[in-house]
Amino acid sequence: MRAAIYETFGNPADVTKLGDVAQPNPGKGEVRIRTILSPIHNHDLWTTRGTYGYKPSLPAVGGTEAVGTIEAVGEGVDAAMIGKRVAAGGVQGSWAEFFIASANGVVPLPDAIADEAAAQLIAMPFSAISLLDMLNVRAGDWIVQTAANGAVGKVLAALTDAHGLHLVNLVRRPEAVAELTALGMTNVVATSDADWVEQVKALTGPGGARSAVDSVGGEIGAKLIDVLGQDGELVIFGTATGAPMPLNSGALIFKQITIKGFWGAKVSTAMAGEKKGKLIGELVTLAAQGKLPLPVGGIFELADAAKAMDAAQVPGRAGKILLRA
């Protein structure tokens, strides 16, 4: 079958190419899915560079999420699943004509969810909703997030609105303020403004934010301590800059701030099946109602995988870059 592969780690646009690999066969409890569309996530790019928490054996087929149609089932799987259109996340090798997924992990899709949204329904949205589930917040509290114009940031904005929470959306580019405002997002502040911390404090009020979520790192991530209230929490979701955080020890001590990391893959693995099903059900419902922002920035054929990797690394792109098998 055709697949987007890489034989060495490096810049995804340089090392990713079209290749021929063996078509996989489903094992016990598994299904083989014919890929329709598969997104390029930041963690896919990090994996291709060899800098992610998971390092595949080489040569490797990229991709960790897709929408497709079940084409074959393994032992112990109901054959009635064949032909069903499903979304699958947390898989390996979805940048290909076919990939394997656990039968228990696929999500059947209603017709109301288009392929372009379904392709990106699990990974980033589930990270956002499980992150929200983990935060120590309740209706009426304030949350501050960086990288608000990213996929997770946009989904988190929709989720907080649905849960009665207040959200401040931080972006690094001034032009991104207008972009997010046009999408209906509120309380958007550019960290390029010298007084952005004061702007955030004016929004949250004297009590400050209950939680802050950082995906940028460096000075911006560190300054989130200043906008948190007493007993607030700072959750590290990512590090776009890769820069260390120069944290203010005094503020951490006197506000009794809690800092913790969030890795969606580990959170998902540890989560009880019943809770996971409940959260995914909420995402499917919101997506079917058109309330989950899952924009697309471009669709590329597998043969143009290198170009797709370039497109996926363009700052400020309109949405997720997808590969069509």
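Residues numbered from 1 in each chain as written. Predicted model: local features only at pLDDT ≥ 70, side-chain atom pairs only at ≥ 80, totals over all residues. Heavy atoms only, no water.

Some words on the overall build of the protein
Right, on to step 1. Looking only at helices and strands, the protein features 12 helices and 16 strands.
Right, on to step 2. In terms of overall size, the protein behaves like a compact globule, its C-alpha atoms giving a radius of gyration of 20 Å where 325 residues would be expected to give roughly 20 Å.
Right, on to step 3. Each principal axis of the C-alpha distribution contributes one length, and for the protein these read about 60 × 40 × 35 Å.
Right, on to step 4. For the protein, with 325 residues in total, the buried portion stands at 48%.
Right, on to step 5. Carbon and sulfur atoms provide 52% of the accessible area of the protein, an area that totals close to 14300 Å².
Right, on to step 6. Averaging the locations of the 27 positively and 31 negatively charged side chains of the protein gives two centres separated by 2 Å. (Helix = DSSP H or I, 4+ residues; strand = E, 2+ residues; numbered from the N terminus. Rg over C-alpha atoms; globule rule 2.2 N^0.38 Å. Buried < 20%, exposed > 50% of the residue type's maximum accessible area, 1.4 Å probe, protein only. Areas by Shrake-Rupley, 256 points an atom, 1.4 Å probe, with all protein chains shown as cover. Lys, Arg positive; Asp, Glu negative; His and termini not counted. Charge placed at Lys NZ, Arg CZ, Asp CG, Glu CD.)

Some thoughts on the nonpolar core
Across soluble globular proteins, nonpolar side chains have a tendency to be buried as a group.
Right, on to step 1. Residues I113, L121, L159 and L292 are the most contacted members of the largest nonpolar core, which totals 47 residues.
Right, on to step 2. Apart from the residues within four sequence positions on either side, I113 is in contact with R85, A118, L121, V284, A287 and A288.
Right, on to step 3. By size, the runner-up hydrophobic cluster in this structure holds 20 residues, among which are V189, W196, A212 and V216. (Core = buried A, V, L, I, M, F, W, Y, C linked by side-chain atoms within 4.5 Å. Contact = heavy atoms within 4.5 Å.)

Some points on the sheet that holds strand β11 (residues 188-190)
What links the strands of a sheet is backbone hydrogen bonding, and the strands pair in either a parallel or an antiparallel sense.
Right, on to step 1. One open sheet holds the six strands; their spatial order is β11-β10-β9-β12-β13-β14, and the pairing between them is parallel. The open sheet has two edge strands with one neighbour each: β11 and β14 (258-261). Averaged over all neighbouring strand pairs, the angle between strand axes comes to 20°, with direction disregarded.
Right, on to step 2. Judged from the four bridges that link them, strand β13 (residues 228-236) and β14 form a sheet pairing that is parallel. (Pairing = 2+ DSSP bridges. Axes fitted to C-alpha atoms, helices over the stretch in contact; angles between N-to-C directions.)

Overview of the packing of aromatic side chains
Right, on to step 1. Enumeration over the complete set of coordinates arrives at four aromatic pairs.
Right, on to step 2. Taking the centre distance of 6.2 Å and the plane angle of 50° together, the rings of Y6 and F9 count as tilted.
Right, on to step 3. Judged by its relative accessible area of 27%, F9 is partly exposed.
Right, on to step 4. Lying across the ring of F98, R32 places its NZ or CZ 5.8 Å from the centre. (Phe/Tyr/Trp six-rings, centres within 6.5 Å; stacked < 30°, edge-to-face > 60°. Lys NZ or Arg CZ within 6 Å of the ring centre and 35° of its normal.)

Considerations on the environment of D115
Right, on to step 1. Here D115 is to be found in helix α3 (residues 115-118).
Right, on to step 2. D115 sits 30 residues away from R85 along the chain, and the two C-alpha atoms are 9.3 Å apart.
Right, on to step 3. Setting aside residues no more than four positions away along its own chain, D115 makes contact with I36, L37, V67 and R85.

Observations concerning the packing of helix α7 (residues 196-204) against helix α8 (residues 218-227)
Right, on to step 1. Close contact between α7 and α8 brings their axes to 10 Å; oriented N to C, the two are set at 40°. For the crossing formed where α7 meets α8, the hand is right-handed. Listed contacts from α8 to W196, V197, V200 and K201 of α7 are I220, K223, L224, D226 and V227. (Left-handed = near helix turned anticlockwise from the far one by under 90°.)

Some words on unusual backbone geometry
Right, on to step 1. Residue P59 follows L58 across a cis peptide bond; omega there is -5°.
Right, on to step 2. With respect to the helices and strands, the residue P59 is situated in the loop between α2 (42-49) and β4 (60-61).
Right, on to step 3. Its identity as a non-glycine residue notwithstanding, A147 has a phi of 50°, on the positive side.
Right, on to step 4. Counting through the fold element by element, A147 comes out in the loop between β9 (142-145) and α5 (151-162).

Here's the deal with the sheet that holds strand β1 (residues 2-6)
Right, on to step 1. The three strands lie next to each other as β2-β1-β4, forming an open sheet whose pairing is antiparallel. In this open sheet, the two edge strands, each paired with only one partner strand, are β2 (16-20) and β4.
Right, on to step 2. When β1 meets β2, the two strands line up antiparallel, connected through five bridges. The residue bridging Y6 from the neighbouring strand is T16, located in β2.

Focus: the pattern of salt bridges
Close approach of charged atoms allows side chains of opposite charge to pair.
Right, on to step 1. By the definition in use, this model includes 10 salt bridges.
Right, on to step 2. The partner of K17 in a salt bridge is E7, with the nearest N and O atoms 2.8 Å apart. A residue pair is termed long-range when its members are at least 10 positions apart, and K17 in strand β2 and E7 in the loop between β1 and α1 (12-15) qualify at 10 residues.
Right, on to step 3. The partly exposed category is assigned to K17, whose relative accessible area is 37%. (Salt bridge = Lys/Arg side-chain N within 4 Å of Asp/Glu carboxyl O.)

Regarding the side chain of S38
Right, on to step 1. Its location among the elements puts S38 in strand β3 (residues 30-39).
Right, on to step 2. You can call S38 buried: its relative accessible area is 1%.
Right, on to step 3. Here the side chain of S38 touches E65 through a polar contact of 2.5 Å, landing on its backbone oxygen.
Right, on to step 4. A distance of 2.8 Å separates polar atoms of two side chains, one belonging to S38 and the other to S94. (Polar contact = N/O pair within 3.5 Å; in protein donor to acceptor, adjacent residues only side chain to side chain.)

Things to note about the pairing of strand β15 (residues 296-301)
Right, on to step 1. Bridge count for β15 against strand β16 (residues 320-324) is five bridges, and the pairing is parallel. In the strand pairing of β16, I299 is matched with L322.
Right, on to step 2. After leaving β15, the chain enters helix α12 (residues 305-312) and then returns to the sheet as β16, a path that is right-handed. (Right-handed = clockwise from strand over helix to strand, strands pointing away.)

Focus: the pairing of strand β7 (residues 98-102)
Right, on to step 1. Most of β7 is tucked away, with four of its five residues classed as buried.
Right, on to step 2. Where β3 lies against β7, five bridges are found, and the strand directions are antiparallel. The residue of β7 that forms the bridge with V31 is A101.

Interpretation in functional terms is not warranted from these geometric data alone.
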